[in-house]
Structure formats: structure tokens, C-alpha cells
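Structural features, examined
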Amino acid sequence: NRTAPMSFIPLSSVKHRVRIREPLPFAVLDGSGNLLLKRDYRIETEEQLNSLCDRGSLVRVEDLPKEAPAPAAQAAPGCPVDAWSNCTARVGSVLANSRHPSLHAALDAASAPVLELVAQDPDFAMLVAMRERSGAKLDYALRHSLHAALITRLVAQRLGWDAAAMVSTFKAALTVNLSMMELQGALAASGQSPTAQERNIILQHPVQSRALLEAGGVRDEDWLRAVEQHHERPDGNGYPLGRSDVDEKARLVRLADSYCAKLSPRSTRPALTPDRAGRELFLREATNPMAHALIKEMGIYPPGCCVRLASGATGIVLRRGPTMLTPVVAAITWRTGEPRRELLKRDTSVAGFKVLHAVAAQALRVTPTMQALAAVA
């Protein structure tokens, strides 16, 4: 019998349950899931507790007292930005060390807090995935992988998949490009066509990424199969094997991967707006129910999308609204186009603040920080 996989959350998210110089109510683990402090250990100072949190220490979800309030209910204002930053850094560190023999344990430990944050607030997760930007080669690939993984998790839930299937597909989307992440970022930044050698790496990356995962201890066949087949197509025109019997998890990962690629700017082309990316996906996959589910889940104006309002102001979508056309938006400019000093939340179901159309992110005259967006989200 297989042992059920363990789930972890950051110690920082349950820090409020720790009492200085009193027995710990749970064991504390390091970022790889190894035991640091046994249950009932007494932390002597606030500095020691803060140091453990800063190091990315974890807690097993099953160790949490069942009667205690949920961590999300106790989250301090503004902490999701820091939590996402810590989680992204941890995932990036793991993916950058893809040949580590304990890769499986490290991936499990790094992805569990991300899944917890997605479950707590999927709209804020989308906002982070769309708005966080940086220029390093690995950062490009990491952002793309996290964004695609987030979308697969949400669409899988919409499709009614069970928890194990959702987690396997999330991890598959996170690791499909494991063997070529640096190349992926370099090509996106350079705008040059790949060389013959690079083209071969691209063609073989589904197989090579699976091999890296197996070498790192992954034995989840659903996860491995989705990675290996994520560029195959039911019509047999995919790669690297040209097979037509494609696993459903691989099909979902391919759709999310394609959708995210359209939203990411490259040196050779600007990013598409989400409404246009969704329209192109629908036209190409008109008979595919998974594509319909993805479009419904993301909506026309998903969190992070830039929009023009009927008032003349430019805004950034904070949350999905009651309909696809009425998201909650943060106005970031006045109607004159001048930047606002403080962002203002707008209900776009009100006629005067109706969304007219999406705006290319490159056209923004001002780019608010994630902290500023979180303050009004």
C-alpha cells in the first residue's frame, strides 16, 4: 500500500499558534521536509521563531490541531504578498536544482504552500501570476511555469477532478520545462531563432523532463505521463512521439501552457491581452471542452488584466466579478490619464465604471506595486 502524500504549509502562516516558552503544538520541518523541532519543543525567544519563519520552515497540515482556526482567517493584512514572494523563491530554487537526488521531496515541500495560497485566495493568486515581472532568464521560465500550474489547478477543479488529480496536474505543469528552463528564458529574451542543437533540446524536453523527475524520485505516473505527453496532440501532430492517445492531464497542461505563452511578452512580440488570448484559444480549440472550461475559469478580464473604464480611467483587475464582464478593478489613473497617488476600487457593474476593453500592459504609464494592489484587493 502506498503511503498518502503529506501536505505542508509555511510555519509563518501558523506562527500565531506558537507561544514563546510553551510546548510547540506541532513539529517544525525544514524546506525539504526534514525534522527541525519535535512537537512539544519550547521556543525560547521571538527572534528564534522569526528566524525559523525566515528560513522557510514548514508544518505538516495533518499535525495542526483540528479545533484551531484556519490559517487564512488569521493572516495579517498584506502578508499574502510576502507569502507569495517566499513561495516563488522556494519553487525557483528547487527548479534550478533539477538534478538533485531529493528533487521529489523538495518539489513536494515547495509546491504545498503554493497550493495552500491558491486554495485560500485564487483571485489573488491569479493577480500575482499576471503582475509579477522580472528580467532574469530563469525568472521568465519560473513565472510561466507557476502561471500555467495555477491555471491547471483551477481548471481541474472546475472540471470536477479529485484532489489527487488536481495536485498531480499542478505539479506536472510546474515541471514540464524542467530540462530547458534556462534555454526557455534565453530564447524569449533574445528573439533569435533556436539553433539546430537548441531545437533538438526543445523537441526532446518532454522526455528529458520526465527523466529528470524520475531520477529525482518521482513515481507518480499521472504526473510523469502528463509531463512526457504535454506537447502531444489527439490528431497525432504533436511531439516528440506523435502519439494520438494523449492523457487528459497532459491535454490540460498543454492548453494552460499555450494560454500562458500568449500572455507573456517576448522580445519578438508583445503579450496578448487575456481577452484576445482566450479568443484565439477558443477558435483553435472550438470542440475541446477543456478549452471551454479554461476560458470560463479565467474569464474575459482575469485578475491582473489591464482595462479601460467608461470613466476614462485605466485600471487593473483585482478579482473576478459576478459576470465575466463585471470584474472588480483598481483604478490606477484619473480619467485624464494622470497616475493616481492612491488606488481606488471600482465596481464595474456600475454603468459609469463599465469595462470598455482590455489594455496592453506595455501601454501603462504607471505600474503599481503588488503591495499597492494588495492593499485594495
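Rules and cut-offs
- Residues numbered from 1 in each chain as written.
- Predicted model: local features only at pLDDT ≥ 70, side-chain atom pairs only at ≥ 80, totals over all residues.
- Heavy atoms only, no water.
- Helix = DSSP H or I, 4+ residues; strand = E, 2+ residues; numbered from the N terminus.
- Buried < 20%, exposed > 50% of the residue type's maximum accessible area, 1.4 Å probe, protein only.
- Pairing = 2+ DSSP bridges.
- Axes fitted to C-alpha atoms, helices over the stretch in contact; angles between N-to-C directions.
- Contact = heavy atoms within 4.5 Å.
- pLDDT = per-residue confidence, 0-100.
- Parallel < 35°, antiparallel > 145°, perpendicular 65-115°, else oblique.
- Nonpolar A, V, L, I, M, F, W, Y, C, P; charged D, E, K, R; others polar.
- Salt bridge = Lys/Arg side-chain N within 4 Å of Asp/Glu carboxyl O.
- Expected span 1.5 Å × (residues − 1).

So, on to the environment of Ser85. Turning to its location among the elements, Ser85 is positioned in helix α2 (residues 79–96). The class of Ser85 is partly exposed, set by a relative accessible area of 42%.

The next point concerns the sheet that holds strand β7 (residues 328–333). Read from one edge of the open sheet, five strands run β8-β7-β6-β5-β9, paired in antiparallel fashion. In this open sheet, the two edge strands, each paired with only one partner strand, are β8 (339–347) and β9 (355–359). Pairs of neighbouring strands in the sheet enclose a mean axial angle of 35°, with direction left out of account. Across four bridges, the pairing between strand β5 (residues 306–309) and β9 is antiparallel. Residue pairing across strands places Cys306 opposite Val359, the latter belonging to β9. Where helix α4 (residues 122–131) meets the sheet, it contacts β5 and β6 (314–319), and its direction lies at approximately 135° from that of β6.

Attention now moves to the side chain of His144. Mapping His144 onto the fold places it in helix α5 (residues 137–158). Beyond its immediate stretch of four places on either side in the chain, His144 contacts Asn177, Gln184, Asp257, Cys260, Ala261 and Ser264.

Low pLDDT marks stretches whose predicted atomic positions should not be read closely. Summary statistics for the protein chain give a mean pLDDT of 86 and a share of 90% for residues scoring 70 or more. Model confidence for the protein chain, summarised as mean pLDDT per element, is weakest for strand β1 (residues 8–10) at 69 and strongest for helix α9 (residues 221–228) at 97. In this model, residues 1–6 is a region of pLDDT below 50 whose contacts with residues beyond four sequence positions or in other chains number three contacts. pLDDT under 50 marks residues 66–78. Its contacts with residues more than four places away, or in other chains, come to twelve contacts.

Let's shift gears to the packing of helix α8 (residues 196–215) against α9. Where α8 meets α9, the axes come as close as 7 Å, and the angle between the chain directions of the two elements is 155°. When the axis of α8 is compared with that of α9, the two are roughly antiparallel. Of the residues in α9, those in contact with Pro206, Val207, Ser209, Arg210, Leu213 and Glu214 of α8 are Glu221, Trp223, Leu224, Arg225, Val227 and Glu228. Looking at the contact of α8 with α9 residue by residue, the classes come out as six nonpolar, one polar and five charged.

Quick look at the pattern of salt bridges now. Evaluation of the coordinates by the stated rule reveals 19 salt bridges. Note that Lys249 is salt-bridged to Asp222, the shortest N-O span being 3.9 Å. Here the residue Lys249 occupies a position in helix α10 (residues 248–263), and Asp222 occupies one in helix α9, the gap between them amounting to 27 residues. The class for Asp222 is partly exposed, based on a relative accessible area of 29%. Arg279 is paired through a salt bridge with Asp275; the nearest N and O atoms lie 4.0 Å apart. One end of the pair, Arg279, and the other, Asp275, are both in helix α11 (residues 274–284), four residues apart, so they sit about a helical turn from each other.

Three or four residues apart is the spacing at which side chains of an α-helix point the same way, because the helix has 3.6 residues per turn. Helix length check: helix α3 (residues 103–120), at 18 residues, gives a terminal C-alpha distance of 26 Å against a target of 26 Å (1.5 Å per residue), a fit within 8%. Most of α3 is tucked away: 13 of the 18 residues are buried.

Moving on to unusual backbone geometry. Excluding glycine, most residues fall at negative phi; most peptide bonds, likewise, are trans. Cis rather than trans, the peptide bond between Tyr239 and Pro240 has omega equal to 10°. Looking at the secondary structure, you find Pro240 in the loop between α9 and α10. Phi is positive for Arg21, which is not a glycine, with a value near 65°. Structurally, Arg21 is set in the loop between β1 and β2 (28–29). In this structure, Asp40 is a non-glycine residue whose phi angle is positive, near 85°. Mapped onto the secondary structure, Asp40 falls in the loop between β3 (35–37) and α1 (46–54). Relative accessible area serves as the criterion here: at 51%, Asp40 is assigned to the exposed category.

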